[in-house]
Every structure is written in structure tokens, then in C-alpha cells.
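An overview of the molecular structure
The lines below spell out each chain.
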Amino acid sequence: MWTWLTHESNAQRKFIELIFDRTGKYPNWDPPSEIPVGSFGLIDKDTGNFFPKGSIYSNDFQPYLLSAGIDPKSDEHHPKDCPEESEFTTWSKNVKRIELKVESHTGVPGIAEASIKGTWQVKKGATGAVLLMNKPRIKNITADVLGKLASIELLQSMHLVTKVFYCPAFSMYLSDKSGENISIALLASAPVVAPVGTAGAMAEMKWWSDTQAGLARNGCKTEHCFTPLYELLHVRHRRNRRATPSPERTGEQLWVAPPIPWAPLDEDGQEVPVYINEDTDSSDSEEENAWVSEVPVQSGKKKRGPTNPNNLFKPSSGSTTTRNLCGIEWQAQRKTGTVAEFTAHWNGLTPQQREPYVTRSKLADTAKANAAEFAANSPST
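Given the structure is predicted, the values throughout are model-derived calculations rather than measurements.

Conventions we followed
Residues numbered from 1 in each chain as written. Predicted model: local features only at pLDDT ≥ 70, side-chain atom pairs only at ≥ 80, totals over all residues. Heavy atoms only, no water. Axes fitted to C-alpha atoms, helices over the stretch in contact; angles between N-to-C directions. Helix = DSSP H or I, 4+ residues; strand = E, 2+ residues; numbered from the N terminus. Parallel < 35°, antiparallel > 145°, perpendicular 65-115°, else oblique. Left-handed = near helix turned anticlockwise from the far one by under 90°. Contact = heavy atoms within 4.5 Å. Expected span 1.5 Å × (residues − 1). Buried < 20%, exposed > 50% of the residue type's maximum accessible area, 1.4 Å probe, protein only. Phe/Tyr/Trp six-rings, centres within 6.5 Å; stacked < 30°, edge-to-face > 60°. 1 Å grid on protein atoms, 1.4 Å probe; cavity = no way out; pocket = protein on both sides within 12 Å on 5 of 7 lines; lining within 4 Å. Points joined across faces, edges and corners; volume = space filled by probe spheres on them. Nonpolar A, V, L, I, M, F, W, Y, C, P; charged D, E, K, R; others polar. Core = buried A, V, L, I, M, F, W, Y, C linked by side-chain atoms within 4.5 Å. Pairing = 2+ DSSP bridges.

Attention shifts here to the packing of helix 4 (residues 322-333) against helix 5 (residues 339-347). Contact geometry of helix 4 with helix 5 gives a least axis separation of 11 Å together with a crossing angle of 120 degrees. In this view, helix 4 runs oblique relative to helix 5, as classed from their interaxial angle. The handedness of the crossing between helix 4 and helix 5 comes out as right-handed. Touching T322, R323, C326, G327 and W330 of helix 4 are E341, F342, T343, H345 and W346, all from helix 5.

Quick look at the structure:
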């Protein structure tokens, strides 16, 4: 049976994509491994891991700070601590949070008093993600410092970690497509004796869940040692405009979140393929009852006209419409299928049977939009 456990990199990238789409921030697939504020580097396309190339706090980076008008001996550029929050909870599209029925889990000690608890309902046939943090603290680089760092040429080809969430307890869940309802709770156990020199005792926590499918990860400590979520920014490059230039940007406005570095993923974590068909006689249409093809009428020009329904069916090159995506799969299994045969197949599909192609079409459109946005914010050649 297919499982996320046998497709680790697919699961990691799918979880990252789902949480990024919701928060605009990157989840850390390995929260015990710290991703420090001020690190700069790139995201690995194959795994989704962040690979640091350096840090703005290293000795080697001090000349760059001086060139940007930042005194390395000052604490101006060091990350600032934000007040602790009680919790951080987020979940992706295709997931709905509903109230956890405590009376259904009377055998779980302390669930009624759990500091974080809930039930998450995942749409059947879709993949969903949940990320929970207890008492998160945020470290971030200030907007003024980001404005100065944007002038450093080295950083203009890198992604900079500008904000990191630290917490003592986290829970991550990635569903399969079974439509599971999963309940999660953070339970308090016996208090831990406080270290000498500190006040009071700290309660030890543990996660409970009733998941039977999907993939779950969690951790609990008394210290803020996990980094489940972080913000990456990339310097926003100036665009040459003939029209009236946009208002001058300053501070954090000089930076933009880089898009996910891979094509949109389907519900199994596979990249939505880009189809290339070298046959110039290919065609595509969203009409329900007829396909049209390109018929040469003049040298250098082509005209779209009706297609003989008895012609071999050939999907269009590069088109990501719902009908064409279905046609690509259909034609791969029926090399000698005709236009009329595919039209009958398409018209006979129910809305539920067409849903996977609708989803893939939307994912492809998102990929195109992300690529266009990133290209617009990249240096012009």
C-alpha cells in the first residue's frame, strides 16, 4: 500500500508547500535542528531543506556589514525577541478544525484540561497539513536592518532567514487521502523540579493523538529548543519601467518571499508534469462536444478549423486545461484512440471524476504565476 513513509522527500515537500501556501513561511521538517536567524542560503529543490551558506553574524561577514553602514560591534543587527504567545496553530486548505469531543476520549487522562486540543477534518481524496506550536517565541531582524542589508550584493543572490519561531513543544501532521479525522492534544504530566536559581516548577508536556494514517511528528521539552517555522526573504530587485516608477521602497519592503523552488505538487506529492508535444498537429479546446485543430491555410499562418472525429486523438502541447490533462492520460493508454472516442469519454465523466484534473490545472496555473512573479523580481539581464 502507498504510504508517505515510503516517499519521505515527497512528504516533506508536500508538507512544506501546504504550510507555505497558508502562512507564507517555511516549515522546518526537522524542528530539533535549529535554523538560526541571520543565516543565508538556498532551499534544496529535491528535499525542501534549507542549506545555509553563511551567517550575517559570522566574523567573515563583518566587512559586508560595515559596507552597509552597520557597526558589527553593536547589537543593532542582532535579532530581537518578541513576547511569548500562548500558541500558534495553522492548517492547510482541505482541512477544517472542529471541536474535540472530550467525552469520546474519557480514557485519556487530562485531555479536558489540555492547553492545545482539537480535531482536524481532512477532505477525502485530498492531502492536508497541520502545524501546532506551544508558547512560541519569535526572533526576528528589524525592518531598519533589513533595509541596510538589502544593499549587500552577496545577499542579493541568497535567501535570508529573517524570522524564526522557537517553542518547547510542536506537532506536525500530514494526512494521506483517506479523509481521516485526527484529534491532537497537548497534555500536562508531572511537574519537573526547576533548576537551581530559577523560580517555580515547569510542567512536563506530552502530545497525544489518535491518528491511524498519514504522517505525524512531534516533540516536547521544557526549553524553547525547537524551530518548526521560519521566514525566508529575498532582495526585491528593481525593475526597469518605462512608465511612472513605483514609490520608493524602504526597510522590509525591499525584500520579498521567494516562491517554492519546485513545480506544484499533486495530492501524492508528485510534481505536476509539464507536457511537451513536438507534433504541430496537436490541439486543445474547452468545448464539450468538439475538438479543433490547426490547419495551414497560408505560408506562415494557421487557422483553427473543425477536426474529423475519426482522426487520431492528440492532446495539445503544453496546455494545462482540465480537458487536456485528462486527454494526455487517456491517450497514453489508447494510442489509436480517436477524437470521437475521447470526446465520449470526457463527456461521460462525473464532476467527481473530473476533480483531479481540475486540481492539477489549478496547481499548474499557480506554478506559472509563481514563476512569473519570481522572474519579475529577479535581476534583468
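We are not done yet, so read on.
Owing to its 3.6 residues per turn, the α-helix brings residues three or four apart onto one side. With twelve residues, helix 4 should reach 16 Å at 1.5 Å per residue; the first-to-last C-alpha distance of 18 Å fits that figure. Of all twelve residues that make up helix 4, nine are buried, and the element is covered over most of its length. All of the buried residues in helix 4 are T322, R323, N324, L325, C326, G327, I328, W330 and Q331.

As a further point, take the packing of aromatic side chains. Evaluation of the coordinates by the stated rule reveals twelve aromatic pairs. Both rings, one in F40 and one in F61, keep their centres 5.5 Å apart while their planes meet at 45 degrees; by these two values the pair is tilted. Here F61 lies in the loop between strand 3 (50-55) and helix 2 (62-67) and F40 lies in strand 2 (residues 39-43), a separation of 21 residues in the sequence. Among the aromatic residues, ring-to-ring pairing joins F20, Y26, F50 and Y230 into one connected group.

This part takes up the layout of surface pockets. Its boundaries defined by the atoms lining it, the largest pocket holds a volume of some 740 Å³. When residues of the lining of the largest pocket are traced back to their parent elements, those giving at least two are helix 1 (8-23) and helix 6 (351-376). For the lining of the largest pocket, the element with the most residues is helix 6, which contributes 13 residues. A breakdown of the residues in the lining of the largest pocket according to their chemical character gives 14 nonpolar, six polar and twelve charged.

To continue, consider the nonpolar core. Where a protein is soluble and globular, its nonpolar side chains tend to be buried together. Core analysis: the biggest nonpolar cluster contains 33 residues, and L149, Y230 and W255 have the highest contact counts within it. Contributing elements (two or more residues each) for this core: helix 1, strand 2, helix 3 (143-149), strand 10 (159-167) and strand 15 (226-235). Discounting chain neighbours no more than four positions away, the residues touching L149 are I56, L65, I70, I141, L155, L160 and W255.

This paragraph deals with the pairing of strand 2. Here strand 2 lies mainly inside the structure; four of its five residues are buried. Summarising the sheet, strand 2 and strand 3 pair through five bridges and their orientation is antiparallel. Paired with S39 across the strands is S55, a residue of strand 3. Where strand 2 folds back onto strand 3 in an antiparallel hairpin, the turn is made up of six residues, including G48, whose phi is positive at roughly 85 degrees.

Remember that the coordinates give geometry; whether it matters functionally is a separate question.
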